[in-house]
Amino acid sequence: MKDKPEIYNQDVVHHYQNPHNKGKLSDPDFSVTEENPKCGDRVTLQIKLDGAEISEVKFHGHGCVLSIGAASILTQMIQGLNVREALELTFDDLVENMGNPAKMRKDCASLSLNALKKALSGW
Amino acid sequence: MKDKPEIYNQDVVHHYQNPHNKGKLSDPDFSVTEENPKCGDRVTLQIKLDGAEISEVKFHGHGCVLSIGAASILTQMIQGLNVREALELTFDDLVENMGNPAKMRKDCASLSLNALKKALSGW
Amino acid sequence: MLNVKDVKKDFPVLKNRDVVYLDNAATTLTPDSVIQSLKNYYQNLGTSVHRGIYQLANETTEKYERARKKVADFVGSDSPREIVFTKNCTEGINIIAYSLHHWPEMEGKILVTEMDHHSNILPWRFMANGSEKFQLEYVDVTKEGRLDLEDYKSKLSPDTVAVGVPGISNVVGTVNPIKEMTDLAHERDALVVMDGAQWLPHRKFDISEYKVDFLTFSAHKMLGPTGLGVLYGKEDLLCRMPPPFGGGEMVLKVDRRKVKWNDPPQKFEPGTPPIAQIIAFGASVDYLNELGISEVNEHVDRLAQRAVNKLSEIPYVDIYGPKEGESRGGLVSFNVEGVHPHDLATALDSLDNIAIRAGLHCAQPLHEVMELNSSARASFYVYNAPEDVDRFIDAIKEAKKILGGADER
Amino acid sequence: MLNVKDVKKDFPVLKNRDVVYLDNAATTLTPDSVIQSLKNYYQNLGTSVHRGIYQLANETTEKYERARKKVADFVGSDSPREIVFTKNCTEGINIIAYSLHHWPEMEGKILVTEMDHHSNILPWRFMANGSEKFQLEYVDVTKEGRLDLEDYKSKLSPDTVAVGVPGISNVVGTVNPIKEMTDLAHERDALVVMDGAQWLPHRKFDISEYKVDFLTFSAHKMLGPTGLGVLYGKEDLLCRMPPPFGGGEMVLKVDRRKVKWNDPPQKFEPGTPPIAQIIAFGASVDYLNELGISEVNEHVDRLAQRAVNKLSEIPYVDIYGPKEGESRGGLVSFNVEGVHPHDLATALDSLDNIAIRAGLHCAQPLHEVMELNSSARASFYVYNAPEDVDRFIDAIKEAKKILGGADER
Ligand SMILES: Cc1ncc(COP(=O)(O)O)c(C=O)c1O
Ligand SMILES: Cc1ncc(COP(=O)(O)O)c(C=O)c1O
């Protein structure tokens, strides 16, 4: 086996094991669920706006390190952004925070980002 | 170009240019037409029996050196044979008389032989 | 017994890359002799197949037909006309489904199993959806991944047209009772279509023993090139079946209104065939014959059993399909509690270059029956050694240590 | 201008075999770089395509998708999703025909031309025969092998669903007025399916210029490996069309009753694709781009014109299709009076190792129109030199001397 096994970067695993903003909003403006058909993973993203600003965001669902880790990281990233800024986020921005495995497993890592885009496209 | 061009053996070309037993029988016992769908070549073989013996045989049609050459050679081979002997003839027997090109172009060279088999199978 | 060390030497990928390749059920690696055969075609022949037009084409045709004969021999057929080359196993099944669909007399029920690969489900579904003549029904599979034979018998009605069944499941590795199922089907005049994708690579198959009417498999899962599959069909059926796809070479005569089909197999092979791949697949068959298919079988069985035994000893691992000691194909599907199969695959890859598969393995209905979201799968072949299994087991334990701390979410 | 001497060096068959290869319309020879690409796949990758499962598969997937992008660029499409890989040109047309067949709204007339290859006739005939929704009609071709545009216009009715047309005829070499035909079809909301098998190898094609809805061609006729073709379809159509064939990878979600298709192109590519061939075809496209497609066009045109000119000077040769100086594809079909085309092919092969084609070239209806039993065909490509044409001409004269003495029979 290789010497210093690091599968994902520490940060991602930490987010997976201690997800931020996990839970449900009682009265969200948007609630979108995305699923990865290859494994049944599913993430629901809920957003509350204050004017054009994302005032509250939560997610729930089940999935792998990358889908859950990404959701946790993403909710942190978008908190307080306005809608336009949030829509400008790209998958590469996520990869920057998550490393190469996310790039290799785009289907997993982009689940919550896709939910975000769908949610806000309805704005 | 190669030095001594021989496309088919002399014999086959001779048969093609001076076919034996070309024509029609007035009152054949069997008359079978075979066609090569790849080029539209067509050979009709007609046979008259005397008891179990092939007493008369003629062919007509149009085709390439191999199909016409083979028909001419075949009619010579079967004249006077009895039905059983004629049915025992194989494609290899023809190739022996016609050389390698016949083997390569079985569809052409076996047209009349196929007609023979079909004709006599009805005996 | 296979000498794995020697076998490994024949596979360039294993020399060039540091990998423990355990995704053989998806596609296998390619031995030197097969690569050499491909190279030989492209460097010394390069032409299409049409006997007699010129010397090169004639050589190509001869090599090509010799390969067909080898494949016929390999499945115990005495007529190469029963061997139709396809682009993959999936195309073979689509050909059968569409042919039966177009066959005027055919009407009634199609039975497939819940453990079939999508390739042996969807073509039949398309066929049944597109027509009032056919209905599709599923034979039940137990939670343990076994076919429910009683259910099969009860659903096998006199109006059953065809039965689709995998010889071996690509998820749970179950070896199905093909002989028995075929006899039962034939008693009711139903045709049997065996998906042999996971059987042919490492288990002797003789058509005179199993008597199925159609058999499909993938060349690329048995040391052959990509882009090639095989459809075996009984000659008599292939002669009578209407061909579903049109094109060159599959007709003898075409005029504006009428068409005269070519004989099988050409009737089912419209267009220019995968010539290089077919010739090279002859070399794959040679290679397997040299190893000996029963030696291959024994070797792959032993690896699968070793994996099952060692996985069974790990308390946090769930194994699906036949239990320890029971007959199974050369693969094992499983889950590690608290570690998502996709994470496990990534982990095994980055920890020790171990290549396994994760997901639904194109068998969603079976995952539904087993109430699983997805699973991980390791599958073995001739170049895998017992030590590969051990490395795989060690890496699972390591992955669990690193990733398995999280609770279920 | 192409430097044929240099080009020839890239083709191992031309080094290893003494052959003047003039059967390029059937399949082309393969350059070193493409053989190298195939070898590289089998020696260094060898896996299936599923991004993200493990490193090797990821590398394979990347190379594979890069090839798709190259093909998209080659036909001027800005979306690789418009490129579906098939096993040959024929499969592409069958896919379209069956898709339209299954498409609920579709109903009406299908127009094909009398000069189409069986591959662009029979799939439509099967479709029309199997249904009350479709009728097939043929656009007339003149005895000179030209499409009768007036007939096309008159048959192009408002209920026309689709028009099938060869970009270039594989028998007479006629270059059809695709742009004009497409505009006319689109005015009546008919879809245009261009069979590009004889166009794409040596003529610039840009989808934004010709605007056809579907385009099919053969990789193996343009320096690619055997067993590969391409179906281009407008993205919007591919998204809406029902997929005709079922299997793995073409679905996102399957339960017992419902199916959710994958996006194009996967939706039309069930089962394991011809991975090595697709990657290697990327190298073929690179090779053609390096030569420059307009240089290739010029070169092949010049060879075809040289052949036509020289054949025209021989009193006992009949040439079919466009006359001297007129635009034609890279091929010429002809007959030598008193010498059967099959004999001519054998003669050219044994006299001077010249490989030509003889027969009906899978275009029986066209031969009927031209009142021919069969014809001989020479077709040219990048590695053919003007001297090859001259050897071909000399061998025809020699063959006539030896075989042409016989009178008509
Ligand atoms: C015009 C035309 N269409 C279709 C085809 C069929 O191509 P493929 O053999 O790749 O299916 C050919 C070549 O044989 C052709 O020349
Ligand atoms: C049981 C089974 N059937 C069918 C297939 C499909 O084979 P192919 O990809 O060659 O079409 C596979 C493999 O993916 C399989 O495991």
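About the criteria used
Residues numbered from 1 in each chain as written. Chains lettered and ligands numbered in written order. Predicted model: local features only at pLDDT ≥ 70, side-chain atom pairs only at ≥ 80, totals over all residues. Heavy atoms only, no water. Near = heavy atom within 4 Å. Polar contact = N/O pair within 3.5 Å; in protein donor to acceptor, adjacent residues only side chain to side chain. Areas by Shrake-Rupley, 256 points an atom, 1.4 Å probe, with all protein chains shown as cover. Nonpolar A, V, L, I, M, F, W, Y, C, P; charged D, E, K, R; others polar. Domains from an automatic or database assignment. Contact = heavy atoms within 4.5 Å. Buried area = accessible area lost by both parts, 1.4 Å probe. Salt bridge = Lys/Arg side-chain N within 4 Å of Asp/Glu carboxyl O. Helix = DSSP H or I, 4+ residues; strand = E, 2+ residues; numbered from the N terminus. Buried < 20%, exposed > 50% of the residue type's maximum accessible area, 1.4 Å probe, protein only.

A.B. asks: Mind showing me how you'd approach the site of ligand 2 here?
C.D. replies: In the vicinity of ligand 2, 14 residues are found, and the nearest of them are Thr90, Asp195, Gln198 and Lys221 of chain C together with Thr272 of chain D. Neighbouring residues of ligand 2 are not confined to a single chain but are spread across chains C and D. Contact between ligand 2 and Ser218 of chain C: an oxygen atom at 2.7 Å from a side-chain N or O atom of the residue. One of the side-chain nitrogen or oxygen atoms of His220 of chain C is found 2.7 Å away from an oxygen atom of ligand 2. Bound to the protein, ligand 2 loses 95% of the 390 Å² it would expose on its own. Partitioning the shell around ligand 2 into residue classes produces two nonpolar, 10 polar and two charged.

A.B. asks: Please explain the site of ligand 1 as it appears in this structure.
C.D. replies: Thr272 of chain C together with Thr90, Asp195, Gln198 and Lys221 of chain D are the nearest of the 14 residues found near ligand 1. Neighbouring residues of ligand 1 are distributed over chains C and D. Between His117 of chain D and ligand 1, the recorded distance is 3.3 Å, taken from a side-chain N or O atom to an oxygen atom. Taken together, the residues that form the shell around ligand 1 break down as two nonpolar, 10 polar and two charged.

A.B. asks: How should the domain arrangement of chain C be read in this particular structure?
C.D. replies: Frequently, the measure chosen for interface size is the accessible area removed from exposure when the parts meet. Residues and elements named next belong to chain C. For chain C, the assigned domains are domain 1 (4–22 + 292–403) and domain 2 (34–289). Relative to domain 2, the C-alpha centre of domain 1 lies at a distance of 28 Å. At the junction of the two partners, domain 1 supplies 35 residues and domain 2 supplies 34 residues. Interface area, domain 1 with domain 2, both sides summed: about 2,700 Å², of which 59% is carbon and sulfur. Counting the surface domain 1 buries against domain 2, the share from its top three residues, Ile293, Leu366 and Tyr381, is 23%. The interface formed by domain 1 and domain 2 holds two salt bridges in total. Glu326 is paired through a salt bridge with Arg146; the nearest N and O atoms lie 2.7 Å apart. For the pair domain 1 and domain 2, the interface holds 15 residue pairs in polar contact (both at pLDDT 80 or more). At the level of secondary structure, the elements contributing two or more residues to the side of domain 1 that touches domain 2 comprise helix H12 (293–312), strand S12 (331–336), helix H14 (364–369) and strand S15 (375–379).

A.B. asks: Can you help me understand the interface of chain A and chain D in this one?
C.D. replies: Counting residues at the interface gives four residues for chain A, matched by seven residues for chain D. Carbon and sulfur atoms supply 55% of the area that chain A and chain D bury against each other, a total of about 530 Å² over both sides. At the surface where chain A touches chain D, the tally comes to one salt bridge. The salt bridge partner of Lys253 of chain D is Glu35 of chain A, with a shortest N-O separation of 2.9 Å.

A.B. asks: Whenever I open this one, the pattern of salt bridges confuses me. Can you help?
C.D. replies: Working definition: two side chains of opposite charge can pair if their charged atoms are close together. The final tally for this structure, using the stated rule, is 62 salt bridges over all chains. With a closest N to O distance of 3.4 Å, Arg42 of chain B and Glu35 of chain B form a salt bridge. Where Glu59 of chain D meets Arg17 of chain C, a salt bridge forms, and the shortest distance between an N and an O atom there is 2.6 Å. Placement of Glu59 of chain D in helix H4 (residues 55–74) and of Arg17 of chain C in the loop between helix H2 (12–16) and strand S1 (20–21) is noted, with the two residues assigned to different chains. Taking the relative accessible area as the measure of exposure, Glu59 of chain D reaches 23% and is therefore partly exposed. Exposure remark for Arg17 of chain C: the relative accessible area of 22% places this residue in the partly exposed category. Taken together, the shared-partner salt bridges connect Glu35 and Arg42 of chain A together with Lys253 of chain D into one network.

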